[in-house]
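Structure at a glance
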Amino acid sequence: MARIIFHCFFFVFLLAVTSCTETSESDVFITTVASPGIIPQPNHLVTQDRWLVIDPESGVYADSLFAQEAAFLSTYLNERGISSTLQNKPSSAQFRFTFSTELPKEAYEIECTNDQVNILAGSKSGAFYAVQSLIQLTSQAELKEKGISMPAVTLKDEPRFKHRGMLFDCCRHFMTVDFVKRYIDLLAYYKMNVLHWHLTEDQGWRVAVEAYPKLTEVGAYRTELDGSVHGGFYTKSEMQDVVAYAAERHITVIPEIEMPGHSSAAIAAYPWLGCTGEQIEVENEWGVFKDIYCAGNDSTIRFLEVVLDEMCEIFPSEYIHIGGDEAPKTRWETCSKCQKRIAENELEDEHHLQSWMIQHFVNYLGAKGRKTVGWDEILEGGLPEGAVVQSWRGFDGGIKAAQSGHEVIMSPTSHAYFDYPIKSTDVKEVYSFDPVPEGLTPTEEALIIGGECNMWTEHAPQERVDFQMFPRLLAMSEVLWTDTSNLSEKQFFSKLNREYADLRAMGVAFGIEAVPVTVSPIQMDGAVSVQLLPQIQDAEVQWKLNSDEVWSGIEKAPMVTADNELLVRTLRWGESYGDTVVIPLSSHKALWTDIQLPNGYSTYYTGGGDKALVDGVRGTQDFRDGRWQALQGDDLVAEIRLDTVATISSLSTQFYTYSNAWIFMPTQLKVEVLNEAGKWQSVASVENPLEVNDRRQDVVKMVAQFDEVNAVGIRVTAVNRGICPDWHDAPGEPAWLFCDELVLR
Ligand code: ACM
Ligand code: ZN
């Protein structure tokens, strides 16, 4: 799943304090003739410093090769009230498309001479990208007031990478065909050219396969925890329709059929596909699951061949994706068929069995003229010959693959996971993405064919997808198209400010660029306070306490002397920007005292640093909110020295519990106090209030109450359960413990 569970262990969760976008008021992009804002930035663009008026009767002429692309422009102009028609003579047309043998695939040139726009392209896709640039030039919102005109330009352009993609998970949440097509339109508008269609998962199988009707009868639907049913699937003709629609927009659809893992839905439909043969359900939780395809069963291998035959018939793409990620080998270890396959093929272990399986399908698809893509886990038992690697757990898998002569698609969690919240990957982070890491030879660099942004949808039903994808998609499109020497973050943000009007016009319910405000605790005597720092241009930040009526500006800092909730909201350009953030605060007797953590804390979840447990700011339902302090495997021990002798009688705190993310309650919370004579004394011990197999995701309070005592110090120990229990999907792995503010009263 990554998405929640695994990702958190692989990437350092950066609560980066992003600095404000460095554009001042005077830099803000205005549609001057000098700087038409095309996204992605063309690689060579000279403005002629004049407006070219589009004739209300303007015609479009194209060499027959480009008829479809010319029609695309003509239709667009018609929609804008220009009665543009396709002409059969260049002389009578304002827009003229000509084929050039000199231009590489996807390259195009636009030259405005007098009132005419001449377009040169070396392929249909080049002509199509010229059309997208022209649409962007003519659609600039401000132009509506100027009549219909466009900045006259001289433009020569071609992409840096041949693979500019978006992964769309239509399994965790089903997306309608119309919605998928809408994304194809949006990708095309920003010159992306690959839709990586994630079609099979634990939580839903989405492709109809004639030979196996139960895949969709059973596998396409899951019963949610609340009893409702979620699902859907695509018929063969629907998929063919999507492929054709995409092809008209020069987008290749690459299907992904996951194996050997993420296959619960298929196994629920046909239990013989798994190792145990037992009936399982289509999953209704997010995670990584033990039941995977049996690699020792010839019928399972044949099943996958039949599914891939069907996919090859529907999808003409050069590449076919077969997953390969997050496949626990638990079942294979005890399956006689899998063990027989290992023995017969003299394989080292279960990882090599996975390599054997992937190699089988690389060969199978290779015989059909297709290249096979897999996630970077396919490196683990030896990288199958001829496989293409999609690197997601950072860049390393991609580097290794390129070094051993394999093609690579880069989509590291650090820059390309648009299902992640904006606080882990904001637009600047995406804009800093370079799919080609340092240290490769030119030959190895050439093997990096491009990148993808990944839209996993565990937490994104259809109506949430725009919020996650935009505006990050625009940054991704630019870094995959534009040469590094032509990238400019400052210019990009200027263009982006103006692009919002167009996004609105296209009906895109875009999200935010960055966390609009950071909240940092500030040290104060006997009260909790925080500093609120705006992080985006033009942000107006306001706050109030839950008990307040009116909102205040940030010239005055909030202050709390008991328990309260701080509400922080941001306005931008007169509208609310992002959600109102609710931050629970607690004032208490250990605020900002000297605290030692002998077992330390995880660098993945720093919880705001050394003082996180005594800064007055509490954690929320989001375990990645940067307020939780976490340890893996170890007990949390906190030793606090109070500034003066204090009379105390309780220590309360909260723990996060979420077994899917390997986060468990402590088995025990122990409190000792240090008296004035320098002696430690145990005063309370509280047991975990939850059942040991409780799978809920929640914040759970634990309170240690004791007889009033005078103390100069206190030691709190939260006992980690040590390892994930037997019933868990990762039994024996070190358990996480997430602790919140130590509220001493
Ligand atoms: C992945 O995110 N599991 C490829
Ligand atoms: Zn097996």
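Residues numbered from 1 in each chain as written. Chains lettered and ligands numbered in written order. Predicted model: local features only at pLDDT ≥ 70, side-chain atom pairs only at ≥ 80, totals over all residues. Heavy atoms only, no water.

Notes on the pattern of salt bridges
Within the structure shown, the criterion is met by 33 salt bridges. The partner of Lys156 in a salt bridge is Glu109, with the nearest N and O atoms 3.9 Å apart. With Lys156 in strand E7 (residues 149–157) and Glu109 in strand E5 (residues 108–113), the pair connects residues that are 47 residues apart, well separated along the chain. Note on Lys156: relative accessible area 39%, which makes it partly exposed. The shortest N-O distance in the salt bridge between Arg222 and Glu224 comes to 3.2 Å. Using a relative accessible area of 1% as the deciding quantity, one classes Arg222 as buried. Look at the salt bridges and you will find they share partners, linking Asp169, Arg172, Glu201 and Glu458 into a network. (Salt bridge = Lys/Arg side-chain N within 4 Å of Asp/Glu carboxyl O. Helix = DSSP H or I, 4+ residues; strand = E, 2+ residues; numbered from the N terminus. Buried < 20%, exposed > 50% of the residue type's maximum accessible area, 1.4 Å probe, protein only.)

Quick notes on the coordination of the zinc ion (ligand 2)
Coordination sphere of the zinc ion (ligand 2), protein contribution only: Cys275 (SG), Cys294 (SG), Cys335 (SG) and Cys338 (SG), at 2.2 to 2.3 Å. Coordination at the zinc ion (ligand 2) is tetrahedral: its 4 donor atoms span angles of 105 to 114° at the metal. Each donor residue of the zinc ion (ligand 2) belongs to the same chain, and together they define the spacing C-x18-C-x40-C-x2-C. Residue Cys294 is located in the loop between helix H7 (264–269) and helix H8 (298–314), and its partner Cys335 is located in the loop between helix H9 (330–333) and helix H10 (336–344); the two are separated by 41 residues in the primary sequence. (Donors = N, O, S within 2.8 Å, 3.2 Å for Na, K, Ca; no water. Tetrahedral: all angles 85-135°; square planar, octahedral: opposite > 155°, others 65-115°.)

Looking at the nonpolar core
Judged by nonpolar contacts, the single largest core of 152 residues is most densely connected at Phe168, Trp205 and Phe470. Beyond its immediate stretch of four places on either side in the chain, Phe470 contacts Tyr183, Leu186, Tyr190, Leu503, Val508, Phe510, Gly511 and Ile512. (Core = buried A, V, L, I, M, F, W, Y, C linked by side-chain atoms within 4.5 Å. Contact = heavy atoms within 4.5 Å.)

A short note on the pairing of strand E31 (residues 668–674)
The pairing of E31 with strand E32 (residues 680–687) spans 7 bridges and is antiparallel. Note on E32: the bridge partner recorded for Glu672 is Ser682. The loop that links E31 with its antiparallel partner E32 comprises 5 residues; one of these, Gly678, has a positive phi angle of about 85°. Pairing analysis gives 7 bridges linking E31 to strand E33 (residues 698–719), with the strands arranged antiparallel. Residue pairing across strands places Gln668 opposite Val719, the latter belonging to E33. (Pairing = 2+ DSSP bridges.)

Focus on the packing of aromatic side chains
Under the defined criterion, the tally for this structure stands at 39 aromatic pairs. Relative to Phe303, the ring of Tyr293 has its centre 6.1 Å away and its plane inclined at 45°; by these criteria the two rings are tilted. Taken as a pair, Tyr293 in the loop between H7 and H8 and Phe303 in helix H8 lie far apart in primary sequence, 10 residues in all. Each member of the pair, Tyr293 as well as Phe303, carries the same accessibility label: buried. Here the aromatic residues Tyr604, Tyr605, Phe623, Trp628, Tyr656, Tyr658, Trp736 and Phe738 are joined through ring pairs into a cluster of three or more. Sitting over the ring of Trp551, Lys544 keeps its end group 5.7 Å from the ring centre. (Phe/Tyr/Trp six-rings, centres within 6.5 Å; stacked < 30°, edge-to-face > 60°. Lys NZ or Arg CZ within 6 Å of the ring centre and 35° of its normal.)

Structural notes on the confidence of the model for the protein
Here the protein averages 92 in pLDDT, while 94% of its residues score no lower than 70. In this model, residues 1–34 is a region of pLDDT below 50 whose contacts with residues beyond four sequence positions or in other chains number 104 contacts. (pLDDT = per-residue confidence, 0-100.)

Overview of unusual backbone geometry
Residue Pro40 is reached from Ile39 by a cis peptide bond, and omega for that bond is -5°. Assignment of secondary structure puts Pro40 in the loop between helix H1 (7–10) and strand E1 (44–53). Of the consecutive residues Met259 and Pro260, the connecting peptide bond is found in the cis state with omega at -10°. Topologically, Pro260 is positioned in the loop between strand E14 (252–259) and H7.

Side note on the sheet that holds E1
Taken in spatial order, the 7 strands make up an open sheet running E1-E7-E5-E6-E4-E2-E3, and their pairing is mixed. The sheet terminates laterally at E1 and strand E3 (85–87), the two strands that pair on one side only. Between one strand and the next, the sheet's axes are offset by a mean angle of 25°, whatever the strand orientation. In this fold helix H2 (residues 67–79) packs onto strand E2 (59–62), E3 and strand E4 (95–99), with an angle of close to 170° to the strand it touches most, E2. (Axes fitted to C-alpha atoms, helices over the stretch in contact; angles between N-to-C directions.)

Overview of helix H12 (residues 396–403)
Along H12, the positions that sit buried rather than exposed are Gly397, Gly398, Ile399, Ala401 and Ala402. Lining the buried residues of H12 we find strand E17 (388–391), strand E18 (408–410), helix H15 (442–446) and strand E19 (448–455). Backbone geometry just after H12 places Gly405 at a positive phi near 85°.

Observations regarding helix H17 (residues 472–481)
H17 sits mainly inside the fold: 10 of its 10 residues count as buried. For H17, the complete set of buried residues consists of Arg472, Leu473, Leu474, Ala475, Met476, Ser477, Glu478, Val479, Leu480 and Trp481.

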